[in-house]
Amino acid sequence: ICGSMDNWDERHDMQFDPFTNQWFVTLHLKVGEEFFYKYIINDNDWVTNEEEPIRMDSGGNRNNHCAMSAN
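What you see is a predicted model; the values in this text were computed from it and never measured.

**Student:** What's the story with the pattern of salt bridges in this structure? I'm lost.
**Tutor:** Side-chain pairs of opposite charge can arise where the charged atoms are in close proximity. Summed over all chains, the structure comprises three salt bridges. Here Glu34 ties to Arg55 by a salt bridge, and the two come within 3.1 Å at their closest N and O atoms. Of this pair, Glu34 sits in strand E4 (residues 34–41) while Arg55 sits in strand E6 (residues 54–56); the two residues are 21 residues apart in sequence, bridging distant segments of the chain. Residue classification places Glu34 among the partly exposed positions, given a relative accessible area of 47%.

In structure tokens, the structure reads:
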């Protein structure tokens, strides 16, 4: 996964949990901020997950989106 949380400069490897059958990554993000991100498949293909929130960024790029709230 790669995103605006670190200016799209770092790729964060995801791990698979066989008990929940899900992929995950642990990131420490700032509360009160919004982040855009994409998944990188086969080291080259940048994709969004259609089952997660999607928004366009200021450059017109379609990305997954999350907002970190204090709740």
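**Student:** Just checking my understanding: could you explain the pairing of strand E7 (residues 62–67) for this structure?
**Tutor:** Within a regular strand, the side chains alternate between the two sheet faces. Examined bridge by bridge, E4 and E7 share four bridges and lie antiparallel to one another. Within the sheet, the bridge partner assigned to Phe36 lies in E7 and is His65. Bridge analysis of E6 against E7 gives three bridges, and the strand direction is antiparallel. Note that in E7 the partner of Ile54 across the bridge is Asn64. Counting the residues that bridge the hairpin from E6 to E7 gives five residues, and of these Gly60 lies at a positive phi of roughly 85°.

Calculation criteria
- Residues numbered from 1 in each chain as written.
- Predicted model: local features only at pLDDT ≥ 70, side-chain atom pairs only at ≥ 80, totals over all residues.
- Heavy atoms only, no water.
- Salt bridge = Lys/Arg side-chain N within 4 Å of Asp/Glu carboxyl O.
- Helix = DSSP H or I, 4+ residues; strand = E, 2+ residues; numbered from the N terminus.
- Buried < 20%, exposed > 50% of the residue type's maximum accessible area, 1.4 Å probe, protein only.
- Pairing = 2+ DSSP bridges.

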